[in-house]
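Here is how the chains run, residue by residue.
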Amino acid sequence: MTHRTAQGPDRGADPGADPGPDLTWAEVSARRLARNALSAPSKGARPADVVGAMCGAHAQVLSAAELSVGLRIDGATRTDVREALWDERSLVKTFGPRGTVHLLPTRDLPMWTGALSALPPSRISHAKHVRMTPEQSEAVVEAVAAALADAELTMDELTEAVVAATGPWAGELVMPAFQGMWPRWRQALGTAANRGALCFGPNRGRKVTYTSPQRWLPGFEPADGRAALAGLVKRYLYAYGPATPQNFARWLAVPERWAVELFDSLGDALEHVRVEGAAARQLAGDTADPADPAAPETGVRLLSYFDAYAVAGQPRELLYPGAAGERALAGGQAGNFPVLLVAGTVAGVWHQRRSGRKLHITVEPSVPLTAARQRELHDQVERVGEILEGKPELTIGTVSVGGHA
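Read on for a plain summary of the structure. (Residues numbered from 1 in each chain as written. Predicted model: local features only at pLDDT ≥ 70, side-chain atom pairs only at ≥ 80, totals over all residues. Heavy atoms only, no water.)

1. Description of the pattern of salt bridges
Side-chain pairing between opposite charges can occur once the charged atoms of the two side chains come close. Scanning the entire structure with this criterion turns up 18 salt bridges. Put simply, Glu-88 and Arg-46 hold a salt bridge, and the shortest N to O gap is 2.8 Å. With Glu-88 in the loop between α4 (78–87) and β3 (91–95) and Arg-46 in the loop between α1 (25–35) and α2 (47–54), this residue pair connects regions lying 42 residues apart in the sequence. A salt bridge links Glu-376 to Arg-373; the shortest N-O distance between them is 3.0 Å. Of the two residues, Glu-376 and Arg-373 are both situated in helix α15 (residues 371–388); the distance of 3 residues between them amounts to about one turn of the helix. (Salt bridge = Lys/Arg side-chain N within 4 Å of Asp/Glu carboxyl O. Helix = DSSP H or I, 4+ residues; strand = E, 2+ residues; numbered from the N terminus.)

2. Considering the packing of helix α6 (residues 134–148) against helix α7 (residues 155–166)
Look at α6 against α7: their axes get within 9 Å of each other, and the N-to-C directions meet at 125 degrees. Taken together, α6 and α7 sit at an angle that is classed as oblique. Between α6 and α7 lies a crossing whose hand is right-handed. Counting all contacts with α6, which are made through Ala-139, Val-140, Ala-143, Val-144, Ala-147 and Leu-148, the residues of α7 involved are Leu-158, Ala-161, Val-162, Ala-165 and Thr-166. When its residues are assigned to classes, the contact of α6 with α7 shows 10 nonpolar, 1 polar and no charged. (Axes fitted to C-alpha atoms, helices over the stretch in contact; angles between N-to-C directions. Parallel < 35°, antiparallel > 145°, perpendicular 65-115°, else oblique. Left-handed = near helix turned anticlockwise from the far one by under 90°. Contact = heavy atoms within 4.5 Å. Nonpolar A, V, L, I, M, F, W, Y, C, P; charged D, E, K, R; others polar.)

3. Regarding the packing of helix α5 (residues 109–117) against helix α9 (residues 225–240)
Look at α5 against α9: their axes get within 8 Å of each other, and the N-to-C directions meet at 105 degrees. For the element pair α5 / α9, the angle class is roughly perpendicular. Where α5 abuts α9, its residues Met-111, Trp-112, Gly-114 and Ala-115 lie against Gly-225, Ala-228, Leu-229, Gly-231, Leu-232 and Arg-235. Considering only residue class, the contact of α5 with α9 consists of 6 nonpolar, 3 polar and 1 charged.

4. Topic: the sheet that holds strand β16 (residues 391–396)
With mixed pairing, the 5 strands of this open sheet are ordered in space as β12-β13-β14-β15-β16. This sheet does not close on itself; its edge strands, each paired only once, are β12 (300–303) and β16. Sheet twist, expressed as the mean angle between neighbouring strand axes with direction ignored, is 30 degrees. Two elements, β12 and strand β13 (residues 339–342), share 4 bridges in a ladder whose sense is antiparallel. Looking at β13, one finds that Leu-302 is bridged to Leu-340. (Pairing = 2+ DSSP bridges.)

5. Brief notes about the sheet that holds strand β10 (residues 270–275)
Spatially, β1-β10-β11 is the arrangement adopted by the 3 strands of the open sheet, whose pairing is mixed. Both outer strands of the open sheet, β1 (22–23) and β11 (278–283), are each paired with one neighbouring strand and no more. Pairing geometry for β10 and β11, over 6 bridges, is antiparallel. From the neighbouring strand, Glu-271 faces β11, where its bridge partner is Gln-282. Together, β10 and β11 form the strand contacts of α9, whose direction differs from that of β11 by roughly 115 degrees.

6. Some remarks on the pairing of β10
Here β1 runs beside β10; their pairing, made up of 2 bridges, is parallel. Looking at the pairing, Leu-23 lines up with Val-275 of β10. Hairpin geometry of β10 and β11 is characterised by an intervening segment of 2 residues between the two adjacent antiparallel strands and by a positive phi of about 50 degrees at Glu-276.

7. Some thoughts on unusual backbone geometry
Leaving glycine out, the prevailing phi sign among residues is negative, and the prevailing peptide bond configuration is trans. Cis rather than trans, the peptide bond between Gly-241 and Pro-242 has omega equal to -10 degrees. Within the secondary structure layout, Pro-242 lies in the loop between α9 and α10 (245–252). Each neighbour pair has its own omega, and for Gln-314 with Pro-315 the value is 10 degrees, a cis peptide bond. Here Pro-315 is to be found in the loop between α12 (308–312) and α13 (316–319). With a phi angle near 65 degrees, Cys-55 is a residue other than glycine that sits in the positive phi range. Tracing the backbone through its elements, the reader meets Cys-55 in the loop between α2 and β2 (57–58). Overall, Cys-55 belongs to the buried group, its relative accessible area being 3%. (Buried < 20%, exposed > 50% of the residue type's maximum accessible area, 1.4 Å probe, protein only.)

8. Here we look at the packing of aromatic side chains
Under the criterion given, the structure shown has 9 aromatic pairs. A centroid spacing of 5.8 Å and a plane angle of 50 degrees characterise the contact between Phe-248 and Trp-251, whose relative ring orientation is tilted. With Phe-248 and Trp-251 both in helix α10 and 3 residues apart, the pair spans about one turn of that helix. Across this residue pair, the class does not change: Phe-248 and Trp-251 are buried. Ring pairing ties together the aromatic residues Trp-112, Tyr-236, Tyr-240, Phe-248, Trp-251 and Phe-263, which thus form one cluster. Above the face of the Trp-216 ring, Arg-89 is positioned so that its terminal group lies 4.2 Å from the ring centre. For Arg-327, the ring lying beneath its charged end belongs to Phe-337, and the centroid distance is 5.2 Å. (Phe/Tyr/Trp six-rings, centres within 6.5 Å; stacked < 30°, edge-to-face > 60°. Lys NZ or Arg CZ within 6 Å of the ring centre and 35° of its normal.)

Worth remembering: the numbers are spatial, not functional.
Structure (structure tokens):
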């Protein structure tokens, strides 16, 4: 076997430690696919189960999250995901990894809010006259929690409530945003979510609303930060390991040195392995192949925008090889294009356009597809139609639209 260093240096690795077994990319892919319910859709799982296994489903575009989740559950549709979110409330829509909108399991809110609140602060990007003091940020979080305790408010309504509780400074239009200016307090929106004071409510017409996650999980409090971070590392490695601290840092958008220290703090809970010759780490004792020998061939999958497997899975050089990486990675960023997955590796991009009940799906492979793979692709397109509750039409050709902003 050829040894490569695509995994990147694990700068926290002990050079004197046993390097552990050397896993092939095919073995790593099989493990990740099985644990992400992509080698075969899960039978009997609920949306919260697979979202927990994925470490969150990106939901900036809710239909993308619905497809991500539905693809992993046998027979599920977007209606099942919506019912889990708005009726059962077993899922919650809030800010998750990288400060982006995600669906998370409601039962995991203590861990997620504890972990996200314990991340190192991001670099301050606002001009000095825009920033809030720590005391002002605390006041905003308290005002948000009080305003949303038993209400669903639009952004304008929430702004009025925060300004009334804290003072005119909170409503000053000082934050450049798109084609206008946002009020000062909005820089604490993510902090409020990470602290468990805010989540998304159901839309009111075309307007987004916010409410309290206490309405999803009454009485919850963020878990202890250190314990929550340890739990998050273990979940990430179970789903996307073996991996390096640098991979974890990229997934969460945190400093690499901080991630190295976090991995090192877990001691014997993690063990050293290699992936195609490059150092990585996994959960201690996690050496068994999880693939079900009775499961059908991994085959073809159509992953949506920002699907967790395509974003969290690393190293990028192996997951997005050659032409696939050149086509699917926008400026090195994963997720901007929906991807065609073949045997666990990205092999092209795709796009879908809805017109009433019709779904016009264009798939652009970066590798030749055998007749068998083309049949699998047609089956997958039909499955996408079932999940999104539309009638699909497949075209194999060039995707002419650009990546998601």
